[in-house]
Amino acid sequence: HEAAPLRRMVAMGFLPSSCASLTVLEYAKLRMAIQLNGFRFNLSAQEGDFGYDAGEVLFDKISRLNHSCAPNLEFNLTWDERDATVVNSVTASKLIAATEELNISYLPLRLNLSVKERREQLLKHWGFACACPKCLAEGGPLAPPAP
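Notes on the structure in this doc start here. Given the structure is predicted, the values throughout are model-derived calculations rather than measurements.

### What to know about the overall build of the protein chain
When its secondary structure is counted, the protein chain shows four helices and six strands. Written out in order from the N terminus, the α and β elements of the protein chain read α-α-β-β-β-β-β-β-α-α. Considered along the principal axes of its C-alpha atoms, the protein chain spans approximately 50 × 45 × 35 Å. When each of the 147 residues of the protein chain is scored for burial, the buried share is 24%. The contacts in the protein chain between residues at least 6 apart in sequence include a share of 42% that link residues at least 24 apart. Surface exposure of the protein chain reaches about 10,400 Å², of which carbon and sulfur atoms provide 58%.

Okay, structure coming up:
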């Protein structure tokens, strides 16, 4: 059953009991919202370790930020021992005009991906073809969809 993980999380006290009554369709919508808007937090786990990329965190406001390959904000996920929670600290990475949209990069900037690689990753994992100013400058406008 697709909602079994949800029911386990309710039983373990990670989610309120009201979540147990979600239908399979509601649960699928919830999973999609988490997948598209969540931040993966691995603490000190490295790729290949047990539990790596197993958890995602949603933040009320930060999870609503749009993507840019040349973002004006940076984020840093840390673990707060005192409150036993994940903290997402957001800072400006450059001067931001009052009318400028705030954005983050959904992709790790340290990878220095080509425009083709960035667009492929964003389409594969977030379902959109990037047309941010950086992608337009490096790769031109997006090709129209095939008929």
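Moving on from the coordinates now.
### Some details on unusual backbone geometry
The phi torsion at Ala84 lies on the positive side, around 50°, for a residue other than glycine. In this structure, Ala84 sits in the loop between β4 (73–80) and β5 (85–92).

### As for the environment of Glu138
Position of Glu138 relative to the elements: it lies in helix α4 (residues 133–139). For Glu138 and Lys116, which are 22 residues apart along the polypeptide, the C-alpha to C-alpha distance reads 9.2 Å. Beyond its immediate sequence surroundings of up to four residues, Glu138 is in contact with Val115 and Arg118. Polar side-chain contacts of Glu138 include one of 3.0 Å to the side chain of Arg118.

### Considerations on the nonpolar core
Residues Phe39, Phe41, Val57, Phe59, Ile62, Leu65, Leu73, Leu77, Val86 and Ile104 constitute the largest nonpolar core, which totals 10 residues. Filtering out sequence-adjacent residues up to four positions away, Phe39 remains in contact with Gly55, Glu56, Val57, Phe59, Ile62, Ser63, Phe75, Leu77, Asn88 and Ile104. Leu107, Val115, Leu122 and Cys132 belong to the second largest nonpolar core, which has eight residues in total.

### Comments concerning helix α3 (residues 115–126)
Between its first and last C-alpha, α3 extends 16 Å over 12 residues, near the 16 Å set by a 1.5 Å rise per residue. Regarding α3, the residues found buried are Val115, Arg118, Arg119 and Leu122. Along the axis of α3, the buried positions cluster into a sector of 95°, meaning they face one direction only. Projecting away from the buried face of α3 at angles above 90 degrees are the exposed residues Lys116 and Lys124. Buried positions along α3 lie against β3 (66–67) and α4.

The rules behind these values
- Residues numbered from 1 in each chain as written.
- Predicted model: local features only at pLDDT ≥ 70, side-chain atom pairs only at ≥ 80, totals over all residues.
- Heavy atoms only, no water.
- Helix = DSSP H or I, 4+ residues; strand = E, 2+ residues; numbered from the N terminus.
- Buried < 20%, exposed > 50% of the residue type's maximum accessible area, 1.4 Å probe, protein only.
- Contact = heavy atoms within 4.5 Å.
- Areas by Shrake-Rupley, 256 points an atom, 1.4 Å probe, with all protein chains shown as cover.
- Polar contact = N/O pair within 3.5 Å; in protein donor to acceptor, adjacent residues only side chain to side chain.
- Core = buried A, V, L, I, M, F, W, Y, C linked by side-chain atoms within 4.5 Å.
- Expected span 1.5 Å × (residues − 1).
- Arc of directions from axis to C-beta.

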